[in-house]
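Chain and residue survey
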Amino acid sequence: DTGVSQDPRHKITKRGQNVTFRCDPISEHNRLYWYRQTLGQGPEFLTYFQNEAQLEKSRLLSDRFSAERPKGSFSTLEIQRTEQGDSAMYLCASNDRNTEAFFGQGTRLTVV
Amino acid sequence: AQSVTQLDSQVPVFEEAPVELRCNYSSSVSVYLFWYVQYPNQGLQLLLKYLSGSTLVKGINGFEAEFNKSQTSFHLRKPSVHISDTAEYFCAVSVRDNAGNMLTFGGGTRLMVKP
């Protein structure tokens, strides 16, 4: 296993467009997390899946954001009608009950 | 709710000197503690973790940290830094026995190692 994989690594989009990011967790991990990291800050929790069930959502996750994990494997994070304030690094992490979180390399979103 | 404070946003240090990066946390329940390192445009890599047992934990790359419950601190130390240690370091907590294990991060400390 090569670890947590995120695609794309970089995305530049115009304000108002929709974007979708993908995360492939470590295969045996049933838990998957999305975090957002703005420049000069620590990551902030967005949402958490256990298998295909979305069990926690942060108040940071506005109604323009939606995340799915349809078969309990990969996950997607969609942002609709992007705003400049959405510019950030979006990090995905996975683990199982007995391990620490392993992070992907992130998707850097720039909204122009 | 939990919170994590990293008291220094930047720490400049000369190569081969010792370094300490400070972390304090606040929580009404027991927590697990972590230090992660982030290199430019990369994800986070775990340096070390405290779950239970000995309060002195050793991690990768020669780093260690000490859990101090009375001071609610988890400071990271290295006796002799290398240029390659230049990176952003994040302290984080998660709630014990919480099914989700979501992490709450501090704001980060940029370690700058100078030759």
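Residues numbered from 1 in each chain as written. Chains lettered and ligands numbered in written order. Predicted model: local features only at pLDDT ≥ 70, side-chain atom pairs only at ≥ 80, totals over all residues. Heavy atoms only, no water.

**A closer look at the layout of surface pockets**
As a volume, the largest pocket reaches approximately 320 Å³. Taken together, 17 residues make up the lining of the largest pocket; nearest its centre are A:Gln37, A:Leu39, A:Arg108, B:Gln38 and B:Arg110. If you tally residues by element for the lining of the largest pocket, the top one is strand β10 (residues 87-95) of chain B, at three residues. In terms of residue class, the lining of the largest pocket is built from six nonpolar, eight polar and three charged. (1 Å grid on protein atoms, 1.4 Å probe; cavity = no way out; pocket = protein on both sides within 12 Å on 5 of 7 lines; lining within 4 Å. Points joined across faces, edges and corners; volume = space filled by probe spheres on them. Helix = DSSP H or I, 4+ residues; strand = E, 2+ residues; numbered from the N terminus. Nonpolar A, V, L, I, M, F, W, Y, C, P; charged D, E, K, R; others polar.)

**Remarks on the packing of aromatic side chains**
Evaluation of the coordinates by the stated rule reveals 14 aromatic pairs over all chains. Look at A:Tyr35 and B:Phe105: their rings are 5.8 Å apart centre to centre, the planes differ by 85°, and that puts the pair in the edge-to-face class. With one member in each of two chains, A:Tyr35 in strand β4 (residues 31-37) and B:Phe105 in strand β11 (residues 104-105) form a pair that bridges those chains. The class for A:Tyr35 is buried, based on a relative accessible area of 1%. Joined through ring pairs, the aromatic side chains of A:Tyr33, A:Tyr35, A:Phe45, A:Tyr48, A:Phe103, B:Phe34, B:Tyr36, B:Phe90 and B:Phe105 make up one cluster. Sitting over the ring of B:Phe14, B:Lys114 keeps its end group 4.7 Å from the ring centre. (Phe/Tyr/Trp six-rings, centres within 6.5 Å; stacked < 30°, edge-to-face > 60°. Buried < 20%, exposed > 50% of the residue type's maximum accessible area, 1.4 Å probe, protein only. Lys NZ or Arg CZ within 6 Å of the ring centre and 35° of its normal.)

**Structural notes on the state of the cysteines**
Scanning the entire structure with this criterion turns up two disulfides over all chains. Between the sulfur atoms of A:Cys23 and its disulfide partner A:Cys92 the distance amounts to 1.9 Å. On the S-S bond that ties A:Cys23 to A:Cys92, the torsion sits near -70°, and the link is left-handed. On the criterion of sequence distance, the pair formed by A:Cys23 in strand β3 (residues 19-24) and A:Cys92 in strand β9 (residues 88-95) is long-range, its members being 69 residues apart. The class of A:Cys23 is buried, set by a relative accessible area of 0%. Given a relative accessible area of 0%, A:Cys92 falls into the buried group. B:Cys23 shares a disulfide with B:Cys91; S-S distance 2.0 Å. Every disulfide takes its handedness from the sign of the S-S torsion; for B:Cys23 and B:Cys91 that torsion is -65°, giving left-handed. Of this pair, B:Cys23 sits in the loop between β3 (19-21) and β4 (24-26) while B:Cys91 sits in strand β10, placing them 68 residues apart in sequence. (Disulfide = S-S within 2.5 Å.)

**Remarks on the interface of chain B and chain A**
Contact residues are listed per partner, giving 19 residues for chain B and 23 residues for chain A. Of the roughly 1,600 Å² buried between chain B and chain A, counting both surfaces, carbon and sulfur atoms make up 51%. If you sort the residues of chain B by the area they bury against chain A, B:Asn41, B:Leu44 and B:Met102 come out on top, with a joint share of 28%. There are one salt bridge connecting chain B and chain A. Among the ionic pairs, A:Glu100 bridges to B:Lys49, the shortest N-O distance being 2.7 Å. Of all the elements in the fold, those that place two or more residues in the side of chain B that touches chain A are β5 (31-38) and β6 (44-50) of chain B. (Contact = heavy atoms within 4.5 Å. Buried area = accessible area lost by both parts, 1.4 Å probe. Salt bridge = Lys/Arg side-chain N within 4 Å of Asp/Glu carboxyl O.)

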